[in-house]
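# Coordinate analysis (summary)
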Amino acid sequence: MEERSLDKALDIYSTLITGQEVSRSNPDTREMYEEYYSNSAVYDITTKLMKKLNLNIYEYNESIYVTAGEGNRVFGYTNDDMKRHLGLRLNKELYTVYFVMYNALLLFYQDSASYQVKEYIKPEDVMEQVSTYLLAITSDISVYAMDELEEESFKTIALLWDELPLVTSDEKEKNRASRASKMGYIKLTFNFLVEQKLFVAVEDRYYPTDRFKAIVENYFEEYKGKIYKVLGGEADA
C-alpha cells in the first residue's frame, strides 16, 4: 500500500514539475487528482515531497499546480537566469521587467479583498500605469543630479523608463519585444508570461490562465510586499 501511494505521489510530482496541471476535468490527469484528494497517504507524500524540494503546490478550480519556492535555484529562475532568458544585460533592466509584471497583476486584481479579476488587460493599459507610478519619482529634478543609484531602486527604474520612447520610430517595430521602448519592455514581459502559461494572448488582449490565478491567490498573497522592499519602498506599501 505504501509503495502504491509513493508511486502515485511521484506520478503527480512528475506531471506538475513539467509545468502541467493535474485537473479533475482532464481525462489524462483525473485519476491523479482524485488520488491526491481522496487518499491521505498520497496527499501527505506529495506535499512532503514538494516541501522538501522547496516547491509550492496550489489548488484552483479543481486543478493543482506547482511553482518554485522563494530562492529555489534548481526549479526557479535566478536573476542571472532571467537576464539571459530575456536578453537583458543590466539589473535595472530586469527590475523594470519585474515592475511591469507587478503592475500587470495590479490591473487584474484591483480589489485584493474579493479577488475579482478582470477578464483581460491590454499592453497600453500596463504601460500607462507603469508610467503614472514612476512619474512621481522622475518629476523630482534632484533625482537627475544623483551621482550613484542602486540598480534595483525605484529611482533607477524610473530614470530608465523616462529615457525610453513610447515605441520605436519604425511603426513595424511597435509590437516587438525589446529594450528599445516602453512598449518593447511591455511586450518582452508579456511574452515571458505567455511562455510560462500565465497569460493567453488573443490579438492585443491578454487573458489570465487558471495557473496565473492559482499563483496570485496563494503565493502572491504571502509575498505581495516583497517587491516594494527589494526596490527600496516602504514595508507596508
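Residues numbered from 1 in each chain as written. Predicted model: local features only at pLDDT ≥ 70, side-chain atom pairs only at ≥ 80, totals over all residues. Heavy atoms only, no water.

## A few points about the environment of V100
Assignment of secondary structure puts V100 in helix 5 (residues 91–108). In contact with V100, not counting residues within four places along its chain, are V126, V130, W161, I186 and T189. (Helix = DSSP H or I, 4+ residues; strand = E, 2+ residues; numbered from the N terminus. Contact = heavy atoms within 4.5 Å.)

## Let's talk about the pattern of salt bridges
Overall, the coordinates contain 9 salt bridges when judged by the stated rule. The closest approach of N and O atoms between R89 and E93, which form a salt bridge, is 3.8 Å. The buried category is assigned to E93, whose relative accessible area is 5%. (Salt bridge = Lys/Arg side-chain N within 4 Å of Asp/Glu carboxyl O. Buried < 20%, exposed > 50% of the residue type's maximum accessible area, 1.4 Å probe, protein only.)

## So, the packing of aromatic side chains
Within the structure shown, the criterion is met by 12 aromatic pairs. Between Y33 and Y37, the aromatic rings sit 4.9 Å apart at their centres with planes inclined by 50 degrees, giving tilted as the arrangement. Of the two residues, Y33 and Y37 both sit in helix 2 (residues 30–38), 4 residues apart, roughly one turn of that helix. Judged by relative accessible area, which is 5%, Y33 ranks as buried. Residue Y37 is classed as partly exposed on the basis of its relative accessible area, which comes to 40%. (Phe/Tyr/Trp six-rings, centres within 6.5 Å; stacked < 30°, edge-to-face > 60°.)

## A short note on the sheet that holds strand 3 (residues 63–68)
Strand order in the open sheet made by the 3 strands is 1-3-2, with antiparallel pairing throughout. One side of each edge strand has no neighbouring strand; the edge strands of this open sheet are strand 1 (22–23) and strand 2 (55–60). In this structure, strand 2 lies alongside strand 3, joined through 6 bridges in antiparallel fashion. Among the inter-strand pairings, I57 is bridged to a residue of strand 3, identified as V66. This element, helix 1 (residues 2–16), spans strand 1, strand 2 and strand 3 of the sheet and lies at about 65 degrees to strand 3. (Pairing = 2+ DSSP bridges. Axes fitted to C-alpha atoms, helices over the stretch in contact; angles between N-to-C directions.)

## Description of the confidence of the model for the protein chain
With 79% of its residues at a pLDDT of 70 or more, the protein chain shows a mean pLDDT of 83. Of the regions scoring below 50 in pLDDT, residues 231–237 engages in 11 contacts with residues more than four places distant in sequence or in other chains. (pLDDT = per-residue confidence, 0-100.)

## Concerning the pairing of strand 5 (residues 205–208)
Judged by which residues are buried, strand 5 turns out to be one-sided: Y206 and P208 face inward and are buried, whereas R205 and Y207, on the alternate face, are not. Sheet topology places strand 4 (residues 199–202) next to strand 5; 4 bridges connect them, and they run antiparallel. Counterpart to V202 in the pairing with strand 5 is R205. Between strand 4 and strand 5, which pair antiparallel and follow one another directly, the connecting turn spans 2 residues, one of which, E203, has a positive phi of 55 degrees.

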